[in-house]
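Report on the structure
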Amino acid sequence: MNPLLFFRRIWAFVVRDWRLELSYRMQLFLRVLSILILVTTFFFVSKIFVGFADPRFTQWRDPLAAWLTGMAMLNYFMTGFSSLANAIRQEQVQGTLESVLMTPISVPTVIVASSAWDFVQATFFSSLYLVFGWLFFNVHYQGSYLLALAFLLLTTVVLSCLGILSASFAMVFKRGDPFGVFLGTGSALFSGVFFPTQLIRDYAGNKIANISRVLPPTYGLDGIRRVLIEGQGFAQVRQPLISLFIFLAVLLPLSLWVFNRAVKRAKREGSLIQY
């Protein structure tokens, strides 16, 4: 594939979605304001727990930093998971999915291009959590930002693979996607966004705690916090990094194969424009 043509096609999708977004400027302002209000709320709540952090949970010595990294990463991770499925759903509702998939564009190009604008937005909004915490509430981050970025990108790609599976369900069955329910609620509850995952084992038992071990965001968020909050280097975060690579090696070929099959089935049944 011609790399220049590939990026031009992605740029065309981004420009299209950007022009659509310009018609909803008030929505942008309200979302930025809501993030600032949420960060402020976390700041005051965190003051309740100052001096009471369990010494076992080194990432939670500063609850505000832990919450802000959790919220920022959850927003980015969920974009990686849901962006393609939402894009497919929107194309179905608008009646443009068939025309897009009937063009001589490869399936990987459609996957990347349909999600490109969502990642641009997610990058901006996720960074606001960290910037507002640093700018207004003196939250400082340490460690290698490049290593933290590697965790972010790797986890997002893994979740994008699950998003491709989710989009395959949307393509064929239109509704009733099981991945959305499992990952949407599971990531927030079991991946350590709001509290240490060790507490699940302490109060709910090992069987319930094992749920967090099969969720990719658990390893991504743990790695990012180890780097940004604890200042750990590559040697200390090797284990969650390897776990994410294992997820990627299994899910990437599987998701692309399933999505390609879903597209072929929808074309064969003539259901691309149905929603």
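What counts, and where the lines are drawn
Residues numbered from 1 in each chain as written. Predicted model: local features only at pLDDT ≥ 70, side-chain atom pairs only at ≥ 80, totals over all residues. Heavy atoms only, no water. Helix = DSSP H or I, 4+ residues; strand = E, 2+ residues; numbered from the N terminus. Buried < 20%, exposed > 50% of the residue type's maximum accessible area, 1.4 Å probe, protein only. Contact = heavy atoms within 4.5 Å. Areas by Shrake-Rupley, 256 points an atom, 1.4 Å probe, with all protein chains shown as cover. Phe/Tyr/Trp six-rings, centres within 6.5 Å; stacked < 30°, edge-to-face > 60°. Lys NZ or Arg CZ within 6 Å of the ring centre and 35° of its normal.

What follows covers the overall build of the protein chain. Helix and strand content of the protein chain: 11 helices and zero strands. Ordered by position in the sequence, the α and β elements of the protein chain form the string α-α-α-α-α-α-α-α-α-α-α. In the protein chain, which comprises 275 residues, the share counted as buried stands at 45%. Excluding contacts between residues fewer than 6 apart, the proportion of contacts in the protein chain whose partners are at least 24 apart in sequence is 83%. Of the roughly 14700 Å² of accessible surface on the protein chain, a fraction of 67% belongs to carbon and sulfur atoms.

Quick look at unusual backbone geometry now. With a phi close to 60°, Asn138 is a non-glycine residue in the positive phi region. Among the secondary structure elements, Asn138 is positioned in the loop between helix H5 (107-137) and helix H6 (145-173). By relative accessible area, which is 57% here, Asn138 ends up exposed.

This paragraph deals with the environment of Arg213. Along the chain, Arg213 turns up in helix H9 (residues 206-213). Of the residues examined, Arg213 reaches a relative accessible area of 52% and is grouped as exposed. Taking the C-alpha atoms as reference, Arg213 lies 8.8 Å from Phe190; in sequence the two are 23 residues apart. Once you skip the residues sitting within four places of it in the chain, Arg213 turns out to touch Tyr219 and Phe247.

Turning next to the packing of aromatic side chains. For the structure on display, the rule yields 10 aromatic pairs. Centroid distance Phe43 to Phe137: 4.5 Å. Interplanar angle 25°. Geometry classified as stacked. On the criterion of sequence distance, the pair formed by Phe43 in helix H2 (residues 25-46) and Phe137 in helix H5 is long-range, its members being 94 residues apart. Each member of the pair Phe43 and Phe137 is classed as buried. Ring centres of Tyr76 and Phe119 lie 6.0 Å apart, and the angle between their planes is 55°; this geometry places the pair in the tilted category. In this pair, Tyr76 sits in helix H3 (residues 63-94) while Phe119 sits in helix H5, placing the two residues 43 residues apart along the sequence. A connected cluster of aromatic rings, assembled from ring pairs, spans Phe43, Phe44, Phe132, Phe136 and Phe137. The side chain of Arg31 reaches across the aromatic face of Phe125, ending 3.9 Å from its centre.

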